[in-house]
Amino acid sequence: MGPRVSEALVTATSFETTRDHFAAHDQEHVFRFWDELDAAGRDRLLAQAAAIDLERLLPAARTAIDTLREAKAPELAPPDDVLELPEHGGDPGGWKAATERGRELLAAGRVGVMVVAGGQGTRLGFEGPKGAFPVGPLSSRTLFALQAEKIRGLRRRGGVAVPWYVMTSPATDAATREIFAREKQFGLPESDVFLFSQDTTPALDFEGRLLLEQRDRIFESPNGHGGAITALAASGALDDMERRGIDTLFYYQVDNPLAPIGDAAFWGHHDRTGAEVSCKVGRKTDPMAKWGLLARCDGRTGVVEYTEISDEHRYATDAAGELVYWAGNLAIHVFATDFLRRMAADADARLPYHASAKKIPYVDRQGHPVAPSEPNGYKLERFVFDALPAANRVSLVEARLPDEFSPIKNAEGVESPETARRDLQAVTRRWLTEAGLELPAPDCGVELDHSRIDGPEEAASFRSLTEAGDVIRTAPGATA
Ligand code: UTP
């Protein structure tokens, strides 16, 4: 009995302290159901509340909400420092040198790969982590499986370990770990797959008050892909990289099945230019395309969101009639690991929260769950690209589209499984054509084993589809 009594006393004391602290910040309502909770519920709520740093959260949230209301357009200038595609006037010699340097870095074991997979994928509406979405296009191969194939190819080409850092969130962590265990790390050595979780942030209603998702739980959601920077440091992933001699990290988002994970030219160019961050950019031809843009913002290279671009900049064209602000952010980056460490140490200053109005589930005063049909509060997120202006140098590399970018965001229509599968097949066909291989009939689906073929050069190592066997699978009538 003794220990139980003293535990209860500890809970009671820390409850009073925490409740008083919350009351001082006008947040006492999170304990509204305290008297009705059982011991486990009380412990859960108290532990969660005690971990929320109101002194940091509330001012940061206030700034985010004020910024949202009075967003001030930055002083813009066109992007510079871009390695454009040769077909758009880029220097072929620069590409060749970048590829060579990239291969050297890979072979020296200096390259790691990281994916952000902590999002909740609400638009897609898929049950489970997005990485488990079957993208095929012929098989039921998932996004994670496809990406692991590409990493296996990279290891084979470099003859080295290429660790994969997979960022989850409390929303996706347990399910992702289960999938990786079940799939035996998708054929990668267990020691080279590093799963780690990002943090969550509470949301606030329009009166600036925390929301209760359940009687014993404050609503929190993943703290945005910018949470990757602090999570890399806190989880020990950056230490792991240091131990391995990795100083160059390729970063992409889990929902892009075409992410160019094997792109040696990208990190080679990053290294040759001495950049701390590099970004893949896509040539925007439709001024209304909802992409963030890489540009000079207040004198530094950064991302300006499409909602912040004035019409004057949006439609500006040069003498050749091309858009002046054309460099769309594809969320594919290379980071110098030293830079990530520096940003993580200075995250509060460098990575502000952004507020966006969302429908947030909550319990009403009677404790009944409510799923609002209209936004009822702000979620708070950090964006990874907010770190860019702090980099000593940012290099931009033009991506070939759609070959490197066809994300799965929506259940149908634009940026959906259908468009991603279509683009995957189109790229595959282009590689086979470039490799001089005969193409399967137009109505025939085709899928590559990306651990063996991740570009036209590797496709050319086979003389025919028959010789390629399972490496190039075809199926009549199975086009996306
Ligand atoms: P999105 O902003 O497209 O969000 O994330 P989402 O969660 O995938 O989808 P919606 O908006 O709920 O429909 C872009 C990428 O950033 C990752 C996602 O997993 C995706 O790869 N992300 C996003 C995180 O890892 N953590 C976050 O907190 C937010």
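Residues numbered from 1 in each chain as written. Predicted model: local features only at pLDDT ≥ 70, side-chain atom pairs only at ≥ 80, totals over all residues. Heavy atoms only, no water.

To continue, consider unusual backbone geometry. That bond from Gly136 to Pro137 is cis: its omega, 10 degrees, falls within 30 degrees of zero. Secondary-structure assignment places Pro137 in the loop between strand S3 (111–116) and helix H5 (143–158). Here Asp298, not a glycine, exhibits a phi torsion of approximately 45 degrees, which is positive. Within the fold, Asp298 resides in the loop between strand S13 (293–297) and strand S14 (300–304). Overall, Asp298 belongs to the partly exposed group, its relative accessible area being 49%. (Helix = DSSP H or I, 4+ residues; strand = E, 2+ residues; numbered from the N terminus. Buried < 20%, exposed > 50% of the residue type's maximum accessible area, 1.4 Å probe, protein only.)

With that settled, the discussion passes to the sheet that holds strand S19 (residues 377–381). Strand order in the open sheet formed by three strands is S7-S19-S16, with antiparallel pairing between adjacent strands. What marks the edges here is a single partner per strand, and that holds for strand S7 (204–205) and strand S16 (354–358). Set on the sheet, helix H3 (residues 54–69) makes contact with S7, S16 and S19; between it and S19 the angle comes to about 105 degrees. (Pairing = 2+ DSSP bridges. Contact = heavy atoms within 4.5 Å. Axes fitted to C-alpha atoms, helices over the stretch in contact; angles between N-to-C directions.)

Attention shifts here to the site of the ligand. In the region of the ligand, 19 residues are neighbours, and Gly118, Thr122, Arg123, Gln198 and Lys409 sit closest. Here an oxygen atom of the ligand sits 3.0 Å away from a polar atom, N or O, in the main chain of Gly121. Measuring from an oxygen atom of the ligand, one finds a backbone N or O atom of Val254 at 3.2 Å. A total of 570 Å² of accessible area belongs to the ligand in isolation, and the protein chains cover 87% of it. Residue composition of the shell around the ligand, by class: five nonpolar, 10 polar and four charged. (Near = heavy atom within 4 Å. Polar contact = N/O pair within 3.5 Å; in protein donor to acceptor, adjacent residues only side chain to side chain. Areas by Shrake-Rupley, 256 points an atom, 1.4 Å probe, with all protein chains shown as cover. Nonpolar A, V, L, I, M, F, W, Y, C, P; charged D, E, K, R; others polar.)

Along the polypeptide, Asp216 turns up in the loop between strand S8 (212–214) and strand S9 (217–218). In this structure, Asp216 is in contact with Leu37, Gly41, Arg44, Leu45 and Gln48, ignoring residues within four places of it in sequence. One polar contact links Asp216 to Arg44, side chain to side chain, over a distance of 2.6 Å.

In this section: the packing of aromatic side chains. One pass over the full model with this rule turns up 19 aromatic pairs. Ring plane angle 45 degrees and centroid distance 5.5 Å describe the contact between Tyr165 and Phe194, whose orientation is recorded as tilted. Of the two residues, Tyr165 is situated in strand S4 (residues 164–168) and Phe194 in strand S5 (residues 193–197); the sequence distance between them amounts to 29 residues. Like Phe194, Tyr165 is buried. With a centroid separation of 5.1 Å and an interplanar angle of 70 degrees, the aromatic rings of Phe206 and Tyr378 are classed as edge-to-face. Remark: Tyr378 occurs in strand S19 and Phe206 occurs in the loop between S7 and S8; sequence separation between them is 172 residues. The class for Phe206 is partly exposed, based on a relative accessible area of 37%. (Phe/Tyr/Trp six-rings, centres within 6.5 Å; stacked < 30°, edge-to-face > 60°.)

Counting across every chain of the model gives 41 salt bridges. As a salt-bridge pair, Glu100 and Lys96 come within 3.2 Å of each other at their nearest N and O atoms. Remark: Lys96 and Glu100 occur in helix H4 (residues 92–107); sequence separation between them is four residues, near one turn of the helix. Classification of Lys96 by relative accessible area gives exposed; the value is 55%. The network of salt bridges with shared partners includes Arg155, Asp192, Asp240, Arg243 and Arg244. (Salt bridge = Lys/Arg side-chain N within 4 Å of Asp/Glu carboxyl O.)

Okay, the pairing of S3 next. Burial runs high along S3: six of the six residues are buried. Here S3 shows no split at all, with Val111, Val113 and Val115 on one side and Gly112, Met114 and Val116 on the other all buried. With six bridges joining them, S3 and strand S11 (residues 248–253) adopt parallel strand pairing. Across the sheet, residue Val116 finds its bridge partner in S11, namely Gln253. As judged from the four bridges shared by S3 and S4, these two strands associate in the parallel manner. Counterpart to Val115 in the pairing with S4 is Val166. With H5 bridging S3 and its parallel neighbour S4, the resulting β-α-β unit is right-handed. (Right-handed = clockwise from strand over helix to strand, strands pointing away.)

What follows is about the side chain of Ser221. Following the sequence through the fold, Ser221 ends up in strand S10 (residues 220–222). Look at Ser221 and you get buried, because its relative accessible area is 3%. The residues touching Ser221, leaving out its near neighbours within four places in the chain, are Gln120, Asp199, Thr200, Thr201 and Lys379.

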